[in-house]
Amino acid sequence: ERRREIAKLARLVGVTKAHVKRTTREERMKHAQNRGAHTPQEWLALVMFCGERCLLCGSTNRPLTKDHIISVLFGGSDRIDNLQPLCAPCNSSKGIRSIDYRPAGWWKVIGR
């Protein structure tokens, strides 16, 4: 079922199996950073605004990871407006789905 969901999403955005297989995660991240990057200060401000917790499960005792709201696989950038703090288990369970858990007003803390 999960493979069908991924294949359906990939077709919607024009990503083929051949494209995914011939690019590494490192290459996809480089392309995402070329579309836009964030500063460490922006990330820290976002994490602090979100209460230094995972936005999905609310955990404060797990390290936070940078979740790309729009997956890098599907053309998401590495800009702060495409990131949210999630713990590793929640980031993995979210997978490639585009779900934004950030609280209203998050953009005010990054000073843009």
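Note that the coordinates shown come from a computational prediction; the quantities given were computed from them, not determined experimentally.

Draft legend 1. Main features of the overall build of the protein. Looking only at helices and strands, the protein has five helices and two strands in total. The order of α-helices and β-strands along the protein, N terminus first, is α-α-α-α-β-β-α. A fraction of 66% describes how many contacts in the protein between residues 6 or more apart in sequence connect residues 24 or more apart. Summed over all atoms, the accessible surface of the protein reaches about 7,200 Å², with 54% contributed by carbon and sulfur.

Draft legend 2. Representation of unusual backbone geometry within the structure. Non-glycine residue E52 carries a positive phi angle of around 50 degrees. Within the secondary structure, E52 sits in the loop between α4 (40-49) and β1 (64-68). What makes E52 partly exposed here is its relative accessible area of 49%.

Draft legend 3. Broad picture of the pattern of salt bridges. One pass over the structure, following the stated rule, counts three salt bridges. As a salt-bridge pair, R79 and D81 come within 2.3 Å of each other at their nearest N and O atoms. Using a relative accessible area of 31% as the deciding quantity, one classes D81 as partly exposed. When the shortest N-O distance is used, the salt bridge between R102 and D100 registers 2.6 Å. Looking at R102, the relative accessible area reads 12%, which means it is buried. Accessibility expressed as a relative area gives 41% for D100, which makes it partly exposed.

Procedures and definitions
- Residues numbered from 1 in each chain as written.
- Predicted model: local features only at pLDDT ≥ 70, side-chain atom pairs only at ≥ 80, totals over all residues.
- Heavy atoms only, no water.
- Helix = DSSP H or I, 4+ residues; strand = E, 2+ residues; numbered from the N terminus.
- Contact = heavy atoms within 4.5 Å.
- Areas by Shrake-Rupley, 256 points an atom, 1.4 Å probe, with all protein chains shown as cover.
- Buried < 20%, exposed > 50% of the residue type's maximum accessible area, 1.4 Å probe, protein only.
- Salt bridge = Lys/Arg side-chain N within 4 Å of Asp/Glu carboxyl O.

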